[in-house]
Amino acid sequence: MEGVDKEKVQRIIYEMSKGSKYFENEKRKEAFIKQKIESLRAQRAKLTEKDISHFQMIVNKRILELDGSRDLSKIWLHTDMDAFYAAVETLENPLLKGKPLAVGGMSMICTASYEARKYGVRAAMPGFIARKLCPELIFVPTNFGKYTYYSEKTRNVFSKYDPDYIATSLDEAYLEITEICKQRSISSEEVAAELRNTIYQETGLTCSVGVAPNRMLAKFEFQLVEIGYTDLIALYWNIPVCSDINKPNGQFILPNDRDAVMTFISSLPIRKVGGIGKVTEQILREVLGISTCTEILQKGALLHALFSHCSTGWYFRY
DNA sequence: TACATACAC
DNA sequence: CATGGTGTATGTA
């Protein structure tokens, strides 16, 4: 986010953390990951040209299969309420409007308003550090009853667009809008705009929406896991990242078109892909120099060589 | 099978 | 002073 002095934020977090039990534990974990990285690097160094071309063949075949099985016929929409808990609190107490606000307490905060984020305050940050970053930060304790109440309201709207909508948390859901677009002969963009507007009318809250041709179907993910090749998920697309792009109160439409999908994916940092977190990101970067999804495809053979051992071994047992 | 780690919210 | 609670998936012994 612009206007955040990242270095200063990092320094304050470090100053407040060092010496604590939490900090020591983090250091221990980091050392463990370093070790893992070293061992993977060693494995990588042992691979011969022949090994690599062998894995390359397997990977090429798999990529072709995946490319061929891509389904561009559906339209999926992902919604994500903007700073949900903070927005609900502000709605019920307008005095909080425009103020840096954190929902939670001194030990942990769940949500930070956008004003608070300008100071580097984030969800999942301990409150006492957040207060150091932003001394005028207002704390409100969590009221899950309220959030559930507003969540119900948004879900009533969702069900009008897709009765089988999939809620993944109080403030997020997936909707399949293929039918509704067809029935009413309107574009997914119009559906997204209308949905956002309806939610605002019904609740007074804003949300961000992403539209794309797939939501990484559970069945499909399962197949990838079976072959021990989770990382190829990046070949597909991740709808949550779409709703992330024009946040807050925005929308992003990825057309049902192979080239558009590939272009979108290619420069996407792997960290944005669901399932790739802080640790996996570090391992892929430091072992194989991978940081974008394109590089995942380019280095597919090495990935397969280093990360599919267990699964292949699992197959050999049968 | 059981335990630890990683991830997401 | 102080670093969550819950659910899911994966890797490993």
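You'll find chain A entered in an unreviewed UniProt entry as DNA polymerase kappa, with Zingiber officinale given as the organism. Entered under Cofactor (unreviewed entry) in the UniProt record, the comment concerning chain A runs "Mg(2+)". Heading Subcellular location (unreviewed entry) of the UniProt record for chain A holds this comment: "Nucleus".

> Help me understand the UniProt feature "coiled-coil region" (unreviewed entry) in chain A in this model?
Per the UniProt record, "coiled-coil region" (unreviewed entry) is found at residues 23–50. Along residues 23–50, the helical share is 93% and the strand share 0%, with 44 Å between the first and last C-alpha atoms.

> It is not clear to me how the packing of helix α4 (residues 84–92) against helix α7 (residues 144–161) should be interpreted in this structure. Could you clarify?
Packed helix pairs are characterised by how far apart their axes lie and by the angle those axes make with each other. Close contact between α4 and α7 brings their axes to 10 Å; oriented N to C, the two are set at 95 degrees. Taken together, the axes of α4 and α7 lie roughly perpendicular to each other. Contact residues: α4 offers F84, Y85, V88, E89, L91 and E92, while α7 offers F144, K146, Y147, Y150 and S151. Considering only residue class, the contact of α4 with α7 consists of 7 nonpolar, 1 polar and 3 charged.

> Got a minute to help me understand the side chain of R196 in this structure?
Looking at where R196 falls in the secondary structure, it is placed in helix α9 (residues 188–203). Sequence-distant contacts of R196, defined by excluding residues within four places in its chain, comprise C207, V209, N249, G250 and Q251.

> Help me understand the pairing of strand β2 (residues 101–104) in this model?
Consecutive side chains along a regular strand alternate between the two faces of the sheet. Because side chains alternate across β2, one face comprises the buried residues L101 and V103, and the other comprises A102 and G104, equally buried. Across 3 bridges, the pairing between β2 and strand β4 (residues 138–140) is parallel. Among the inter-strand pairings, A102 is bridged to a residue of β4, identified as F139. Count of turn residues in the β2/strand β3 (residues 109–112) antiparallel hairpin: 4 residues.

> Which parts of the structure should I look at to understand the sheet that holds strand β7 (residues 207–212)?
Strands pair in a sheet through their backbones, by hydrogen bonds, and they do so in one of two ways: parallel or antiparallel. An order of β5-β6-β1-β7-β8 is seen for the 5 strands of this open sheet, with the pairing classed as mixed. In this open sheet, the two edge strands, each paired with only one partner strand, are β5 (166–169) and β8 (251–253). The average angle at which neighbouring strand axes cross in this sheet is 15 degrees, direction not considered. Examined bridge by bridge, strand β1 (residues 76–81) and β7 share 6 bridges and lie antiparallel to one another. Bridging from a neighbouring strand, W76 pairs with A212 of β7. Strands in contact with α7 are β1, β5 and β6 (172–176); relative to β6, the strand with the most contacts, it is inclined by about 15 degrees.

> Help me out: how do you make sense of the pattern of salt bridges in this one?
Side chains bearing opposite charge may pair, as long as their charged atoms lie close to each other. Scanning the entire structure with this criterion turns up 13 salt bridges. Between K27 and E24 there is a salt bridge whose closest N-O contact spans 3.9 Å. Taken together, the residues span about one helical turn, with K27 and E24 both in helix α2 (residues 21–46) at a distance of 3 residues. E24 gets classed as partly exposed once you look at its relative accessible area, which sits at 38%. In this structure, R184 and E194 form a salt bridge, with 2.7 Å as the shortest nitrogen-oxygen distance. Taken together, the positions of R184 in helix α8 (residues 178–184) and E194 in helix α9 put the pair 10 residues apart, joining distant regions of the chain. A relative accessible area of 28% means that E194 is categorised as partly exposed. Look at the salt bridges and you will find they share partners, linking E89, E92 and K146 into a network.

> What is the right way to look at the confidence of the model for chain A in this model?
The predicted structure's coordinates, where accompanied by low pLDDT, should not be read in detail. Averaged over all residues, the pLDDT of chain A equals 86, while 89% of them reach at least 70. Considering only residues more than four positions removed or in separate chains, one finds that residues 217–235, a stretch of pLDDT under 50, has 44 contacts. Counted against residues more than four places away or in other chains, residues 310–318, with its pLDDT under 50, gives 6 contacts.

> Got a minute to help me understand the nonpolar core in this structure?
Ranked by size, the top nonpolar core spans 32 residues in total, and within it L77, F84, L175, I177, V191 and L195 carry the most contacts. Secondary structure elements with two or more residues in this core: β1, α4, β2, α7, β6, α8, α9 and β7. Leave out the neighbours within four places in its chain, and F84 touches T111, Y147, Y150, S151, L170, D171 and L205. Formed by 31 residues, the second largest nonpolar core is a distinct cluster that contains I33, W76, L288 and A301.

Cut-offs used in this document
- Residues numbered from 1 in each chain as written.
- Chains lettered and ligands numbered in written order.
- Predicted model: local features only at pLDDT ≥ 70, side-chain atom pairs only at ≥ 80, totals over all residues.
- Heavy atoms only, no water.
- UniProt positions renumbered as here; feature names shortened; annotations may be inferred.
- Helix = DSSP H or I, 4+ residues; strand = E, 2+ residues; numbered from the N terminus.
- Axes fitted to C-alpha atoms, helices over the stretch in contact; angles between N-to-C directions.
- Parallel < 35°, antiparallel > 145°, perpendicular 65-115°, else oblique.
- Contact = heavy atoms within 4.5 Å.
- Nonpolar A, V, L, I, M, F, W, Y, C, P; charged D, E, K, R; others polar.
- Buried < 20%, exposed > 50% of the residue type's maximum accessible area, 1.4 Å probe, protein only.
- Pairing = 2+ DSSP bridges.
- Salt bridge = Lys/Arg side-chain N within 4 Å of Asp/Glu carboxyl O.
- pLDDT = per-residue confidence, 0-100.
- Core = buried A, V, L, I, M, F, W, Y, C linked by side-chain atoms within 4.5 Å.

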